[in-house]
Amino acid sequence: QGPSKDLLNALDLHLLIRQTLPQVPQKPYLGITMEDHVDGRGAFTSSFKRRMKEYHDYVDRGGVLSESDFVRKDLVDGE
């Protein structure tokens, strides 16, 4: 039968916890860091640059998700 469709998936649960519990910014940010080693010639350059800006904004907030992060559905497909 598979898992119940009534169960929250891991991402939904994570977002619910982050929305419910107070988020304390970490400054300086001590989480996962990403580096940009893209040369700017690839097909996904504009999408990549947008995602890197969003990541840097997240780091500037001390690793705290913004309100818009909780409702976004375009994290994978880049829409």
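These remarks concern the structure in this document. (Residues numbered from 1 in each chain as written. Predicted model: local features only at pLDDT ≥ 70, side-chain atom pairs only at ≥ 80, totals over all residues. Heavy atoms only, no water.)

## What about the side chain of Ser66?
Assignment of secondary structure puts Ser66 in the segment after α2 (45-60). On the accessibility criterion, Ser66 (18% relative accessible area) is buried. A distance of 3.0 Å separates the side chain of Ser66 from the side chain of Ser68, its partner in a polar contact. (Helix = DSSP H or I, 4+ residues; strand = E, 2+ residues; numbered from the N terminus. Buried < 20%, exposed > 50% of the residue type's maximum accessible area, 1.4 Å probe, protein only. Polar contact = N/O pair within 3.5 Å; in protein donor to acceptor, adjacent residues only side chain to side chain.)

## Describing unusual backbone geometry
The step from Lys27 to Pro28 runs through a cis peptide bond, and the omega angle for that step is 5 degrees. Relative to the helices and strands, Pro28 is located in the loop between α1 (10-20) and α2.

## Brief notes about the pattern of salt bridges
Going through the model one piece at a time under the given rule, you end up with four salt bridges. Lys53 serves as the salt-bridge partner of Asp57, at 2.8 Å between the closest nitrogen and oxygen. Highlighted residues: Asp57 and Lys53, both in helix α2, separated by four residues, approximately one helical turn. Here Asp69 makes a salt bridge to Arg61, at a shortest N to O gap of 3.1 Å. (Salt bridge = Lys/Arg side-chain N within 4 Å of Asp/Glu carboxyl O.)

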